[in-house]
Every structure is written in C-alpha cells, then in structure tokens.
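Inside the fold
Now for the letters of each chain:
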Amino acid sequence: MTGKTHIMGGITASLAVAHAANENPLIMVGAGIAGALLPDICHSGSRIGRRFPILSRIINLLFGHRTFTHSLLFLVIVSFLIDRFFPNDILKYGLLTGMVSHYILDMATRSGIKLFFPLDLTVRFPLTIRTGSKVENLIFSILALLAFYFGYETLGWFRFW
C-alpha cells in the first residue's frame, strides 16, 4: 500500500476506536497516523524511512522489509516502550490502532507480512491487490468515506462533552 492509504487507514481506524471508546479523537488520530507510518521504518523509500534514513537502513539490513516491524512482536515491544516512556493510554491506543491498520492493509498485498516473526510465515488475504492500483484507490476512497463518518460521529459527541 502507498503511504497515503496507510495514513487514511490510520485516521479511519483511530476515529472508529475514539468513537467506540469515547476518547479524545485529536490525540487518537495524531497517534494513529504515526502508528500507520511506523511499520514502514524498514523501507528507506517510505515516508518515515526518508525522515529517518540511517535508522531505516539499519533496520532493513538487520531484518528486511515487512518482517520484524510488521509483526506482533514489534507491536508488543512498541506497546511496552510507550507504557515505559509515555504512559498515556490514548496515545498508546492510537499508535497501536494505526499500526494494526497498517498490518491489515499490507496483508491485502501479494507480498503479505511476517506477522509471526521470527517465524518465516507470510500472512496475506486470499484476495490481494497491487500497490498503487485502481483497487487501492478504491480502498482509499472507502476509507476516506468511513473517516468522514466516524469523524462526524466522534466530533459530534466530543463537541458536546
């Protein structure tokens, strides 16, 4: 998936969780966007990889693309680090929600992800799409519509409280 689709996935998922949990949507969405981009730190051409090129190259050399940073192990480590250094549940849930949305979107590609890293097991959906295709643009559009819906619902609740 492209960066814009991951961002929209993170926004949509974070707004949905904020709506369901009656949490602050602004913090959730900001953290959700960061979480949606974080797993691609292993790819030097990604938005976050270009921002942190040295770290990106080191992670890619050690693990490759769509392995460690696309795994449940990475999700647990990030959760632990947030609890340790930034003990804020809304921030944590937003970041993890964005990461999970990234994982789900990448499981829809032919390459899939190594969700159970260090096991060499690729996880992907039975039907996959090509990155940058018209189908991905359709998914982006659906996510945008869902983001508007959850944004309206969430901000409507948040505004009156």
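Before any of the text, the structure's been laid out above.
The notes below deal with the structure included here. Along each chain, numbering runs from 1 in the same order as the chain's sequence is written. Per-residue local features of the predicted model are confined to residues with pLDDT of at least 70, and side-chain atom pairs are confined, for both listing and counting, to 80 or more; whole-chain, interface and lining totals are unaffected and use all residues. Neither water nor hydrogens contribute to the side-chain values; these are computed over all heavy atoms in the structure.

Summing up its helical and strand segments, the protein chain has seven helices and zero strands in all. Mapped from its N terminus to its C terminus, the protein chain presents α and β elements in the order α-α-α-α-α-α-α. Compactness check: the protein chain gives a C-alpha radius of gyration of 16 Å against a globular reference of 15 Å for 161 residues, within 12% of the reference. Viewed in the frame of its principal axes, the protein chain has a C-alpha envelope of about 50 × 40 × 25 Å. Each residue gets one of three labels from its accessible area relative to the maximum for its type: buried under 20%, exposed over 50%, partly exposed in between, using a 1.4 Å probe on protein chains only. By the burial criterion, 45% of the 161 residues in the protein chain qualify as buried. We call two residues contacting when some pair of their heavy atoms lies within 4.5 Å. The contacts of the protein chain with a sequence gap of at least 6 include a subset with a gap of at least 24, amounting to 61%. Note that accessible areas follow from Shrake-Rupley with a 1.4 Å probe, and for residues the cover is restricted to the protein chains shown. Within the structure as shown, the protein chain displays about 9300 Å² of accessible surface, and the carbon and sulfur contribution to it stands at 69%. By the counting rule applied here, Lys and Arg register as positive and Asp and Glu as negative, while His and the ends of each chain are not counted. To locate a charge, the coordinates of NZ of Lys, CZ of Arg, CG of Asp or CD of Glu are taken. The distance from the centre of the 14 positive side-chain charges to the centre of the 8 negative ones in the protein chain is 11 Å. Helix numbering and strand numbering both begin at the N terminus, where a helix is a DSSP run of H or I of at least 4 residues and a strand a DSSP run of E of at least 2. Atoms counted for the radius of gyration: C-alpha only. Globule rule: 2.2 Å times the number of residues to the power 0.38.

The subject of this paragraph is helix α5 (residues 72–85). Helix span, as expected, comes to 1.5 Å for every residue beyond the first. For α5, spanning 14 residues, the distance from its first C-alpha to its last is 20 Å, which sits close to the expected 20 Å at 1.5 Å a residue. Within the span of α5, buried status applies to F74, L75, V78, S79 and I82. For α5, the arc enclosing every buried residue in end-on projection is 135°, short of the 170-degree limit, so these residues lie on one face. Seen from the buried face of α5, the exposed residues on the opposite side, beyond 90 degrees, are V76, F80 and R84. Here, the arc refers to the directions that run from the helix axis to the C-beta atoms.

Next up on the list: helix α2 (residues 25–37). Counted at 1.5 Å a residue, the expected span for α2 with its 13 residues is 18 Å, and the 18 Å between its end C-alpha atoms agrees. Regarding α2, the residues found buried are P25, M28, V29, A31, G32, G35, A36 and L37. N or O atoms closer than or at 3.5 Å make up a polar contact, with two conditions inside protein: a donor-capable atom paired with an acceptor-capable one, and, for residues adjacent in sequence, both atoms drawn from side chains. Here α2 starts with a cap whose side-chain oxygen sits 2.8 Å from the backbone nitrogen of L26, and that cap is N24.

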